[in-house]
Amino acid sequence: MSQAVSYSVQDKIGVISVNNPPVNALAQRVREGILKSIQAAQRDDSEAVILACEGRTFIAGADITEFNKPPKEPGLPEVLSALENSSKPVIAAIHGTALGGGFEVALACHYRCAVASAKVGLPEVKLGLLPGAGGTQRLPRIAGVKAALDIITSGNPVPAGKAHDMGLVNEIIEGDLLEGARRYARDLVDSGAPLKRIRDVVIDPDTIEPGFFEQARKRVNARARGQIAPDRIVSCLEAAVSLPIDQALERERELFRELVTSPESAAMRHIFFAERQAAKIKGLPRETSQRDISQAAIIGGGTMGGGIAMCFANAGIPVILLEVSDEALDRGMKIIRKNYGITVKRGKLGEEDVKQRMGLITGTTDYADIAHADIVIEAVFENLELKKEIFAKLDQTCKPGAILATNTSYQDVDAIAAATGRPEDVLGTHFFSPANVMRLLEVVRGEKTADDALATAMRIGKRIGKVCALSGVCYGFIGNRMLTGYGREAQLLLLEGCTPQQVDSTLEQFGMAMGPVAMGDLAGLDVGYKARQSRGTTGDDPRPYAISTRLVESGRHGQKTGAGYYRYDSETRRRIPDPEVEAMIREEAEKFGIARREISAQEIIARCLYPLVNEGAKILEEGIAQRASDVDVVYVFGYAFPVAKGGPMFYADRVGLKRVYEQILEFQRQHGETNWRPANLLKELAESGGSFAEWDRRQA
Ligand code: T1G
């Protein structure tokens, strides 16, 4: 047996123990070790066999890093057959998260026991895959087809208690798992319990209502955003009902092979690892000391401040919300209650949970009350002078070592830090609206930010459920800086001949959650309008703002006024193209002497996405972002870039940087140097046949 797996027998109960940190992934040596152990168990005097894991979790799945390499024997199906065909009962003892291939191993055992804190699940769909080792065949045989479809297409874990109610777990173990599993195994043997092989369960096709699979396929494809795995999962479940299991297993393997070689899965696996890489700060050892965070404070109880406060409360961290007046504080608390109310309505939280979380949020108008906070996050509106005043006050008020963070979207974090006598404690924590929903957190490193403050911010970000990416200081950091070109080109395309619907639907077919024009209506056109008013726009190219300015000045602020670029159905909020706006666009184009023309979907995609890539390359060469994969993480988790396309930089690698570069040069010829100056890094990689992925590897 490989050192990753050990086997021993005690009191006639065999124990196969897997030890492959960090998550006991089913690497080749683990598969081989389990196979040899179960084969040995057939020949010894054991009367039952327990399959357990050391470390923090039961097997958390196949080893995702192996998918890009040639398969190695033994394959997982062979290991599962050996478990399932064992002549003596095999019991999976589950703790942590039995996921993917890990849960499929457990389903091939005859019984499953688990501690109450454990979870089971089949999250392969989140990697653009499907359970390729019998999960789509065994799960419906015990959970039923509908529940199995929900579990596999959502990819969400099922807590042990619920899994027990569903029959996925046979026994919940109190106390020590292995001791409990031994007792359970002994009881099974003494009671002559049968070898329960899930594969022997037959699904009665009459239990499936007519049209179930057609509706399921329509439903999953409607929200797939370019992902193909959900559709194939429906096909596997159809096979579970209509084919004998061995043929259905073959069908599952065939569809798995299609997915594992698909560009969509390659993109999603890229994001899986990119998300984890982004949390690592180059040059900062993993064991960099971190500051204890047990009390947070938020300055400003508006939409953002309230959402940020909820993030801490959701993670069980007490948080004080500071506002300028009781009325403002009351408004802030109302926003929080309303947000929680929505979550309860959606069935995602119970009233009891909300009560417990609200109990962690207190309010004050007195700075003295936040003096003992370990982290303070300022979330007032985007005015640099106001932020500087607040940080000067925090400097006077907060205890030494408190982390002082600003939620600014654009402002200079170094200028804010300079308003204090402790710039080493100051950094940016840029949340995305709504802060209690959007997972991205840009952590902005100031010139003088201390390493331990930075390491603490990255860790606390993960603790409150965020995906963190490190940014240096520049206008707009990573995401918003890149967004400028994306929004500008969308506006210019409108003047040059596109309708709002054409731009939006093209990018939504590409996989964006919402097109850029509709995004403007959602955010509120008056927001940008006011920012331009306060900033002043002399010298700016007026064309990208011409239409939105006209809309705002005619009272069309977007969804909030029922009309912007589109009109909105007051009931469904569905957008409705508006000929009045299209006439307005034509008028503006005429003013600028722009001859309108037919514009292809390809041009819309390139004109909007290549500025993301180009600005991303500039951000990399300036050292603002650590990796191209970090930029991908920012766009997938902060701007709903389709995960099945892997992020703007991964997508550009797939298109080919030479082609992207040459297209940018063509746009430069057509539209001038200002907006289309290629990044040096892009030029260099394009001319050398390189890629952003290789650049990341070279910089590692
Ligand atoms: N393979 C390889 N490495 C993995 C891995 C995996 N399955 N899961 C995690 N890691 C690495 C991860 O990259 C990180 O590495 C470290 O472990 C800690 O992970 C046949 C085909 C289990 C909930 O999708 O959801 O089975 O950065 O930071 O927050 O049908 O990891 O330290 O170098 O995420 O405590 C299905 C994926 C695979 C589960 C733990 N399984 N993993 O979360 O730690 S496909 C999954 C997770 C499959 C079968 C199919 C989480 C976790 P490093 P972490 P965590």
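Criteria and thresholds
- Residues numbered from 1 in each chain as written.
- Predicted model: local features only at pLDDT ≥ 70, side-chain atom pairs only at ≥ 80, totals over all residues.
- Heavy atoms only, no water.
- Pairing = 2+ DSSP bridges.
- Helix = DSSP H or I, 4+ residues; strand = E, 2+ residues; numbered from the N terminus.
- Axes fitted to C-alpha atoms, helices over the stretch in contact; angles between N-to-C directions.
- Contact = heavy atoms within 4.5 Å.
- Near = heavy atom within 4 Å.
- Polar contact = N/O pair within 3.5 Å; in protein donor to acceptor, adjacent residues only side chain to side chain.
- Nonpolar A, V, L, I, M, F, W, Y, C, P; charged D, E, K, R; others polar.
- Domains from an automatic or database assignment.
- Parallel < 35°, antiparallel > 145°, perpendicular 65-115°, else oblique.
- Buried < 20%, exposed > 50% of the residue type's maximum accessible area, 1.4 Å probe, protein only.
- Phe/Tyr/Trp six-rings, centres within 6.5 Å; stacked < 30°, edge-to-face > 60°.
- Lys NZ or Arg CZ within 6 Å of the ring centre and 35° of its normal.
- Core = buried A, V, L, I, M, F, W, Y, C linked by side-chain atoms within 4.5 Å.
- Salt bridge = Lys/Arg side-chain N within 4 Å of Asp/Glu carboxyl O.
- Right-handed = clockwise from strand over helix to strand, strands pointing away.

**Student:** How should I be thinking about the sheet that holds strand β9 (residues 171-173) in this particular structure?
**Tutor:** Think of a sheet as strands paired side by side through backbone hydrogen bonds, with each pair either parallel or antiparallel. The sheet built from six strands is open, its strands ordered β1-β2-β3-β4-β6-β9 with mixed pairing. Taken across any chain shown, the strands that pair with only one partner, and hence form the sheet edges, are β1 (5-10) and β9. Here the strands of the sheet are splayed against their neighbours by 25° on average, with no regard to which way each runs. Across three bridges, strand β3 (residues 48-53) lies against strand β4 (residues 90-94) in parallel orientation. Residue Ile50 lies in a different strand from β4, and its bridge partner there is Ile91. Of the strands in this sheet, β1, β2 (13-18), β3 and β4 touch helix α1 (residues 28-43), which is tilted by about 20° from β1. Across the sheet, helix α7 (residues 177-190) lies against β1, β2, β3, β4, β6 (111-115) and β9, angled at about 160° from β3, the strand it touches most.

**Student:** What is the right way to read the site of the ligand from this model?
**Tutor:** If you check the shell around the ligand, you find 27 residues, and the closest are Arg56, Ala62, Glu104, Arg276 and Lys280. Contacts to the ligand include Ile64, whose backbone N or O atom sits 3.0 Å from a nitrogen atom. Of all the elements in the fold, those that place two or more residues in the shell around the ligand are α3 (101-108) and α11 (263-278). Here the element with the most residues in the shell around the ligand is α11; it accounts for three residues. By residue class, the composition of the shell around the ligand is 14 nonpolar, five polar and eight charged.

**Student:** Quick question: what am I supposed to make of the domain arrangement of the protein here?
**Tutor:** For an interface, size is often stated in terms of accessible area lost upon the parts coming together. Taken domain by domain, the protein comprises domain 1 (5-260), domain 2 (296-471), domain 3 (512-591) and domain 4 (601-699). If you average the C-alpha positions of domain 3 and of domain 4, the two centres end up 27 Å apart.

**Student:** Would you mind showing me how to read the packing of helix α21 (residues 525-535) against helix α22 (residues 543-553) here?
**Tutor:** Between two packed helices, both the angle of their axes relative to each other and the distance between the axes serve to describe the pair. Between α21 and α22, whose axes approach to 9 Å, the crossing angle comes to 105°. The pairing of α21 with α22 is recorded here as roughly perpendicular in orientation. Seen from α21, the contacting residues are Leu525, Asp526, Tyr529, Arg532 and Arg535; seen from α22, they are Tyr545, Ser548, Thr549, Leu551, Val552 and Glu553. Considered class by class, the residues forming the contact of α21 with α22 number five nonpolar, two polar and four charged.

**Student:** Quick question: what am I supposed to make of helix α5 (residues 145-154) here?
**Tutor:** Helical geometry note: an α-helix holds 3.6 residues per turn, so side chains three or four residues apart project in the same direction. Along α5, the positions that sit buried rather than exposed are Val145, Ala148, Leu149, Ile151, Ile152 and Thr153. On the buried face of α5, the contacting elements are α4 (135-143), β8 (158-159), α6 (160-166), α8 (212-222) and α9 (229-242). Once α5 ends, the next one or two residues include Gly155, with phi positive near 75°.

**Student:** So what exactly am I meant to see when it comes to the side chain of Thr429 here?
**Tutor:** With respect to the secondary-structure elements, Thr429 resides in strand β15 (residues 426-431). Apart from the residues lying within four places of it in its own chain, the contact partners of Thr429 are Ile377, Ala405, Thr406, Asn407, Leu441 and Glu442.

**Student:** What is the right way to look at the packing of aromatic side chains in this model?
**Tutor:** We describe a pair of aromatic rings using the distance from one ring centre to the other and the angle between the two ring planes. Across all of its chains, the model carries 11 aromatic pairs by this definition. Seen in terms of ring centroids, Phe272 and Phe273 are 5.0 Å apart; in terms of plane orientation they differ by 90°. Their pairing is edge-to-face. Ring centres 5.3 Å apart and planes at 75° place the aromatic pair Phe432 and Tyr639 in the edge-to-face group. In this pair, Phe432 is assigned in the loop between β15 and β16 (440-444) and Tyr639 in the loop between α25 (628-638) and α26 (648-655), connecting sequence segments 207 residues apart. Accessibility classification places Phe432 together with Tyr639 in one group, the buried group. Among the aromatic residues, those joined into a ring-pair cluster are Phe432, Tyr635 and Tyr639. When the ring centre of Phe667 is taken as origin, the NZ or CZ atom of Arg607, which lies over that ring, is 5.9 Å away.

**Student:** Got a minute to help me understand the sheet that holds β15 in this structure?
**Tutor:** Strand order in this open sheet of eight strands is β12-β11-β10-β13-β14-β15-β16-β17, and the pairing throughout is mixed. In this open sheet, the two edge strands, each paired with only one partner strand, are β12 (361-364) and β17 (467-471). The average undirected angle you get between the axes of adjacent strands in this sheet is 25°. Alignment of strand β10 (residues 296-299) against strand β11 (residues 319-322), held across four bridges, turns out to be parallel. Of the residues in β11, the one forming a bridge with Ile298 is Leu321. Taken strand by strand, helix α13 (residues 326-345) contacts β11 and β12, and its axis lies near 160° from that of β12. Each of β13 (375-378), β14 (403-406), β15, β16 and β17 is contacted by helix α17 (residues 451-463), which is oriented at about 155° to β17, the strand it contacts most.

**Student:** Help me understand the nonpolar core, please; the structure alone is not making it clear to me.
**Tutor:** Within soluble globular proteins, side chains that are nonpolar tend to cluster in buried spots. Counting 87 residues, the largest nonpolar core has Ile34, Leu51, Phe58, Leu83, Ile94, Val120 and Leu139 as its most contacted members. In terms of residue count, the dominant contributor to this core is α9 (seven residues). Ignoring any residue separated from it by four or fewer positions in sequence, one finds Leu139 in contact with Phe103, Leu107, Leu122, Gly144, Ala148, Ile151, Ile152 and Leu168. Formed by 76 residues, the second largest nonpolar core is a distinct cluster that contains Val613, Ala617, Ile619 and Val655.

**Student:** Help me understand the pattern of salt bridges in this model?
**Tutor:** Two side chains that carry opposite charge are able to pair once their charged atoms sit near each other. This model, assessed by the stated rule, comprises 50 salt bridges. Here Arg543 and Asp541 are joined by a salt bridge, their closest N and O atoms 2.8 Å apart. The shortest N-O distance in the salt bridge between Asp630 and Arg627 comes to 3.0 Å. Taking the relative accessible area as the measure of exposure, Arg627 reaches 7% and is therefore buried. One salt-bridge network, in which partners are shared between bridges, spans Arg488, Glu489, Glu496, Arg597, Glu603 and Arg607.

**Student:** Explain the environment of Leu195 here, please?
**Tutor:** When you line up the elements, Leu195 lands in the loop between α7 and α8. C-alpha separation for the pair Leu195 and Pro263, spaced 68 residues apart in sequence, amounts to 41 Å. Once residues within four sequence positions are removed from consideration, Leu195 is found in contact with Ser86, Ser87, Lys88, Pro89 and His110.

**Student:** Just to check I follow, could you spell out the pairing of β11 for this structure?
**Tutor:** Every other side chain in a regular strand lies on the same face of the sheet, so the side chains alternate between the two faces. The two faces of β11 match: Val319 and Leu321 on one face and Ile320 and Leu322 on the other face are all buried. Handedness of the β10-helix α12 (residues 303-314)-β11 crossover: right-handed.

**Student:** So what exactly am I meant to see when it comes to the pairing of β14 here?
**Tutor:** The alternating pattern of β14 places Ile403 and Ala405 on one face and Leu404 and Thr406 on the opposite face, and all of these are buried. In the sheet, β13 pairs with β14 via four bridges, with the strands oriented parallel. Each bridged residue has a counterpart across the sheet, and for Ile377 the counterpart in β14 is Ala405. One crossover worth recording links β13 to the parallel β14 by way of helix α15 (residues 384-397), and it is right-handed. Both β14 and β15 contribute to a ladder of three bridges, which runs parallel. In the strand pairing of β15, Leu404 is matched with Val426.

**Student:** So what exactly am I meant to see when it comes to the side chain of Asn24 here?
**Tutor:** Among the secondary structure elements, Asn24 is positioned in the loop between β2 and α1. The exposure class of Asn24 is buried, given its relative accessible area of 2%. A polar contact is formed between the side chain of Asn24 and the backbone oxygen of Glu54, at a distance of 2.8 Å. A polar contact of 2.7 Å, which involves the side chain of Asn24, links it to the backbone oxygen of Thr57. With residues near it in sequence (within four places) discarded, Asn24 still touches Val18, Asn19, Cys53, Glu54, Thr57, Phe58, Ile59 and Ala60.

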